[in-house]
Amino acid sequence: LRFPFQIIYLGLLWHAASSWYWLVTGLIMWFFDRILRLIRGAAKVTTVAVQAHGDVTELVVKCDSMRPFRAGQYSFINIPSISGWQWHPMTISSSPTDHHVSFHIKDMGPMQWSWQLNAMARDPASNLKNLVVRLDGPYGNPPDPHDYPWIVFVAGGIGITPCHSMFRCLLHEATQGFNDGAPFHVKLVWIAQTPALFENFALTLREVFDKSASDRFQASLYVTREETFSDGARGENSFPYQTGRPSMGAELTPVDFTEGGLVFVCGPESLQEDCRRCCPPKTHFHAETFEL
């Protein structure tokens, strides 16, 4: 329980001794939930890699006892060397078809948990191979992409993580011959402030732009803060992108939603509302938000 609620519970018991009749059911459920989380969090986790890519930290782990996850789910992460009490919900950015579990965690500012993790990853003196990581998950109930003939993933910044997990899973299934059915077409629209963010998922994007993947997959990249040098040249980037913000109407109009489809968005509320307004009829709209 959060500290304020502990005060409230104690106050209720002090004010009315019989109030425990109404509180005991919730307390028992909370108690068993905590026990289950402790058991799951005690599972052995092997740290494979911890790397800082600018203000994004890539955490790669292996956990044989972790329940199989679905693309788009999240897990709670605890790193005792940063804080033994803090558990943070982070989307799993890897695909269930990968041989590891990865998280891409954005630095949210000085003295935050994510800032401390990023600082550890940047510090050459950190012994990250022996970094203790605890996981509790997976959780979440994302839509099943196989239920739709067309899918458009729209990501804003680090909101790419659930989109990438699902996109990469479908890409693997198609290229490895596991799935020849729906979805028949998959499109990724990713808006970032700088092109450096795209490099976090270079392996997946390269498969799409090099046409080594199925033609069923497309990607449109946008950069809102252009990197230029004194001579006017653009910063280096491995993938083609457009500058400015996309017209979601233009991105969604060419998509054939006559038989239904899915528009999956993870990003700021303004991006979600823009996509919602532009969704054609018969389209299932899903927006990911994390307010835990």
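See the structure above.
Keep in mind it's a predicted model, so treat the numbers as computed, not measured.

About the criteria used
Residues numbered from 1 in each chain as written. Predicted model: local features only at pLDDT ≥ 70, side-chain atom pairs only at ≥ 80, totals over all residues. Heavy atoms only, no water. Helix = DSSP H or I, 4+ residues; strand = E, 2+ residues; numbered from the N terminus. Buried < 20%, exposed > 50% of the residue type's maximum accessible area, 1.4 Å probe, protein only. Contact = heavy atoms within 4.5 Å. Areas by Shrake-Rupley, 256 points an atom, 1.4 Å probe, with all protein chains shown as cover. Pairing = 2+ DSSP bridges. Axes fitted to C-alpha atoms, helices over the stretch in contact; angles between N-to-C directions. Phe/Tyr/Trp six-rings, centres within 6.5 Å; stacked < 30°, edge-to-face > 60°. Salt bridge = Lys/Arg side-chain N within 4 Å of Asp/Glu carboxyl O. Core = buried A, V, L, I, M, F, W, Y, C linked by side-chain atoms within 4.5 Å. Arc of directions from axis to C-beta.

Q: Where do I start with the overall build of the protein chain in this structure?
A: When helices and strands are tallied, the protein chain shows seven helices and 12 strands. By the burial criterion, 46% of the 292 residues in the protein chain qualify as buried. Here the analysis covers contacts within the protein chain between residues at least 6 apart in sequence; of these, 66% occur between residues at least 24 apart. For the protein chain, the exposed surface amounts to about 16100 Å²; the carbon and sulfur share of it is 56%.

Q: What am I meant to see in the sheet that holds strand S1 (residues 46-53) here?
A: In a beta sheet, neighbouring strands pair by backbone hydrogen bonds and run either parallel or antiparallel. The three strands are arranged S1-S2-S5 in an open sheet whose pairing can be described as antiparallel. Whereas interior strands pair on both sides, the edge strands pair on one side only; in this sheet they are S1 and strand S5 (101-106). Neighbour-to-neighbour, the strand axes of this sheet turn through a mean angle of 15°, independent of strand direction. Bridge count between S1 and strand S2 (residues 56-62): seven bridges; the pairing is antiparallel. Looking at the pairing, Ala 49 lines up with Val 60 of S2. Here helix H3 (residues 113-122) sits on the sheet and contacts S1, S2 and S5; the angle it forms with S1, its principal contact strand, is near 95°.

Q: What is the right way to look at the sheet that holds strand S10 (residues 242-243) in this model?
A: Within the open sheet, the six strands sit side by side as S10-S9-S8-S7-S11-S12. Their pairing is parallel. At either margin of the open sheet sits one strand with a lone partner, and together these are S10 and strand S12 (283-288). When strand S11 (residues 261-266) meets S12, the two strands line up parallel, connected through six bridges. By the bridge assignment, Phe 264 is partnered in S12 with His 286.

Q: What should I look at first to understand the packing of aromatic side chains in this one?
A: What describes a pair of aromatic rings is the distance from one ring centre to the other and the angle between the planes of the rings. Across all of its chains, the model carries 10 aromatic pairs by this definition. Seen in terms of ring centroids, Phe 76 and Tyr 139 are 5.8 Å apart; in terms of plane orientation they differ by 75°. Their pairing is edge-to-face. Of this pair, Phe 76 sits in strand S3 (residues 74-78) while Tyr 139 sits in strand S6 (residues 134-139), and the two are 63 residues apart along the sequence. Across this residue pair, the class does not change: Phe 76 and Tyr 139 are buried. Ring geometry for Phe 198 and Tyr 241: centres 6.4 Å apart, planes at 50°, overall tilted. With a gap of 43 residues between them, Phe 198 in the loop between strand S8 (185-192) and helix H5 (202-209) and Tyr 241 in the loop between strand S9 (217-223) and S10 connect regions that are remote in the sequence.

Q: Got a minute to help me understand the pattern of salt bridges in this structure?
A: For side chains of opposite charge, pairing can occur when their charged atoms come near one another. Counted under the stated rule, the structure contains six salt bridges. A salt bridge links Asp 55 to Lys 106; the shortest N-O distance between them is 2.7 Å. Taken together, the positions of Asp 55 in the loop between S1 and S2 and Lys 106 in strand S5 put the pair 51 residues apart, joining distant regions of the chain. For Glu 207, the salt bridge is made with Arg 168, and the minimal N-O distance between the two is 3.8 Å. A residue pair is termed long-range when its members are at least 10 positions apart, and Glu 207 in helix H5 and Arg 168 in helix H4 (residues 160-175) qualify at 39 residues. For Arg 168, a relative accessible area of 8% translates into the label buried. One salt-bridge network, held together by shared partners, links Asp 98, Arg 168 and Glu 207.

Q: Even after reading the chapter, I still don't get the nonpolar core, so can you show me in this structure?
A: Within soluble globular proteins, side chains that are nonpolar generally end up buried alongside one another. Phe 153, Cys 163, Leu 188, Trp 190, Phe 198 and Leu 205 are the most contacted members of the largest nonpolar core, which totals 33 residues. Considering every element that reaches this core, the biggest residue donor is H4, with eight residues.

Q: Got a minute to help me understand unusual backbone geometry in this structure?
A: Following Gly 137, the chain continues into Pro 138 via a peptide bond in cis, with omega recorded as 5°. You can see Pro 138 is positioned in strand S6. Even without a glycine there, the phi angle at Met 111 is positive, about 70°. Among the structural elements, Met 111 can be located in the loop between S5 and H3. Classification of Met 111 by relative accessible area gives exposed; the value is 60%. A positive phi angle, near 65°, is found at Lys 282, a position not held by glycine. Summarising the element assignment, Lys 282 is placed in the loop between helix H7 (269-278) and S12.

Q: I'm lost on H7 in this one. Help?
A: Along an α-helix, residues three or four positions apart point the same way, because every turn accommodates 3.6 residues. Residues of H7 that are buried: Leu 271, Gln 272 and Cys 275. When H7 is viewed along its axis, its buried side chains cluster within an angular range of 100° and face the same direction. Away from the buried face of H7 by more than 90 degrees, exposed residues Glu 269, Ser 270 and Arg 277 are located. In the core, the buried residues of H7 are packed alongside strand S7 (150-156), S8, helix H6 (248-252), S11 and S12.

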